[in-house]
Amino acid sequence: MRVLVVEDHAALADGIAQSLRQSGYAVDIIADGEEADDILRTQEYGLVVLDLNLPKLDGLEILRRLRHRGAESAVLILTARGDIEDRVKGLDLGADDYLAKPFELVELEARVRALMRRHAGTHNTQIKCGQVTFDTVARRVMIDGNDVDIPRRELNILEILLLRVGHVLSKEQIADQLAGFEDDISANAVELYISRLRKRVETADVKIQTVRGLGYLLKKT
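Residues numbered from 1 in each chain as written. Predicted model: local features only at pLDDT ≥ 70, side-chain atom pairs only at ≥ 80, totals over all residues. Heavy atoms only, no water.

1. With respect to the sheet that holds strand S3 (residues 47-51)
So the rule is basically this: At least two DSSP bridges between two strands are needed for those strands to be called paired. Labels follow the DSSP assignment, with helices taken as runs of H or I lasting at least four residues and strands as runs of E lasting at least two, numbered in each case from the N terminus. Note on method: axes are straight lines fitted to C-alpha atoms, helices fitted across the in-contact stretch only, with angles between N-to-C directions ranging 0 to 180 degrees. Contact between two residues is taken to exist if any of their heavy atoms lie within 4.5 Å; hydrogens are not considered.
Across the sheet, which stays open at both edges, the five strands sit in the order S2-S1-S3-S4-S5 with parallel pairing between neighbours. The open sheet has two edge strands, strand S2 (26-30) and strand S5 (97-100), and neither has a second partner. Taken over all neighbouring pairs, the strand axes of this sheet differ in orientation by 20 degrees on average, direction set aside. Here strand S4 (residues 74-79) runs beside S5; their pairing, made up of four bridges, is parallel. Each bridged residue has a counterpart across the sheet, and for threonine 79 the counterpart in S5 is alanine 100. Together, strand S1 (2-6), S2 and S4 form the strand contacts of helix H1 (residues 10-22), whose direction differs from that of S2 by roughly 170 degrees.

What follows is the structure, given as structure tokens:
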């Protein structure tokens, strides 16, 4: 899943990004409010981690514009402000949750997982399709109760497909959710990851089907 971290404190932004990348997310960092607003006009993210005190454009205004455009990205606001009024404003403008600084990264990770589950329409930490079970907290896959070792890229693709079981996803859609600004994942790379992933789940009662000219879908056989 793609995450945009909008935070002008470089060390904090890097810490958040590193933590989320280790959890399998593709993360971009922006420190400028106006630049973040421009990017959010053209790029889609599953989650925006948004500081309220930003140069050039305030986080609340970024949030207001984002929701005015009808964007459905989950938004987690970060603030060092002690006034509860700012938190209330953020929630009223469409933020999904907030976290007050200072905070522990383990709490941020837990809130991110909860927001991602909520936007996927589930409160369960496990995603299932047939004999395949994906634990979103432990980041592990089981087939019929047995652990299966799957590399990070393929694991992320499996998660993307599991969250959209029965729906066709194009190579471009998959690549967009895997890659940040600094990554370059081609359609050919997606094909290669899909081919490897098929072999890893071939013993399960699921199938990754190619829909010619459109993309891939995961379904129970």
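So much for the structure itself; the text now carries on.
2. Digging into helix H4 (residues 84-92)
In plain terms, the rule: Exposure classes here rest on a 1.4 Å probe applied to the protein chains alone. A residue is buried below 20% of its type maximum, exposed above 50%, and partly exposed in between. Arc definition: it is the arc formed by the directions from the helix axis to the C-beta atoms.
Of the residues making up H4, those classed as buried are Asp86, Arg87 and Gly90. Seen along its axis, H4 keeps its buried residues to an arc of 100 degrees; they face one direction. Of the exposed residues in H4, the ones pointing more than 90 degrees away from its buried face are Ile84 and Asp92. Contacts from the buried residues of H4 go to helix H3 (59-68), S4 and S5. Following H4 by one or two positions, glycine 94 has its phi on the positive side, about 120 degrees.

3. A few points about the nonpolar core
Quick note on the threshold: We call a set of buried Ala, Val, Leu, Ile, Met, Phe, Trp, Tyr and Cys residues a nonpolar core when their side-chain atoms join them within 4.5 Å.
Membership of the largest hydrophobic core comes to 49 residues, with the highest contact counts inside it found for Val3, Leu47 and Leu108. For this core, the leading source of residues is helix H6 (residues 152-163), giving six residues. Filtering out sequence-adjacent residues up to four positions away, valine 3 remains in contact with Leu20, Tyr25, Ala26, Val27, Asp28, Tyr45, Leu47, Val49 and Met116. Ranked by size, the runner-up nonpolar core spans 19 residues in total, among them Leu50, Leu60, Ile62 and Val75.

4. Examining the pairing of strand S8 (residues 140-143)
With four bridges joining them, strand S7 (residues 132-135) and S8 adopt antiparallel strand pairing. When the bridges of S8 are listed, aspartate 135 appears paired with arginine 140. Counting the residues between successive antiparallel strands, the hairpin from S7 to S8 contains four residues, one of them, arginine 139, with a positive phi of roughly 55 degrees. Pairing of S8 with strand S9 (residues 146-148), which is carried by three bridges, proceeds in the antiparallel orientation. Bridge pairing in S9 places methionine 142 opposite aspartate 147. Turn length for the S8-S9 hairpin, with the two strands adjacent in sequence and antiparallel, is two residues, and the turn residue aspartate 144 shows positive phi of about 55 degrees.

5. Observations concerning unusual backbone geometry
Cis geometry is found at the peptide bond from lysine 101 to proline 102, where omega equals -5 degrees. Positive phi outside glycine occurs at lysine 56, with the angle close to 75 degrees. You can see lysine 56 is positioned in the loop between S3 and H3. On the basis of relative accessibility, which here comes to 61%, the residue lysine 56 falls in the exposed class.

6. Remarks on the sheet that holds S9
One open sheet accounts for four strands, arranged S6-S7-S8-S9; its pairing is antiparallel. The open sheet has two edge strands, strand S6 (126-129) and S9, and neither has a second partner. The sheet shows a mean angle of 30 degrees between the axes of neighbouring strands, direction not considered. Lying over the sheet, H6 contacts S6, S7 and S8, oriented at roughly 110 degrees with respect to S7.

7. Quick word on the packing of H1 against helix H5 (residues 105-119)
What counts, and what does not: With respect to orientation, any angle under 35 degrees is reported as roughly parallel, any angle over 145 as roughly antiparallel, any angle of 65 to 115 as roughly perpendicular, and every other angle as oblique. Crossings are assigned a handedness: left-handed for a near helix turned anticlockwise from the far helix by less than a right angle, right-handed for a clockwise turn. When residue character is reported, Ala, Val, Leu, Ile, Met, Phe, Trp, Tyr, Cys and Pro are called nonpolar, Asp, Glu, Lys and Arg charged, and the others, Gly included, polar.
Between H1 and H5, the shortest axis-to-axis distance is 10 Å and the interhelical angle comes to 55 degrees. With respect to H5, the element H1 is oriented oblique. Pair H1 / H5 crosses with right-handed handedness. Here H1 contributes Gly15, Ile16, Ser19 and Leu20 to the contact with H5, which in turn contributes Leu105, Leu108, Glu109 and Val112. Among the residues forming the contact of H1 with H5, the class breakdown is five nonpolar, two polar and one charged.

So far we have only geometry, and geometry alone does not tell us how the molecule works.
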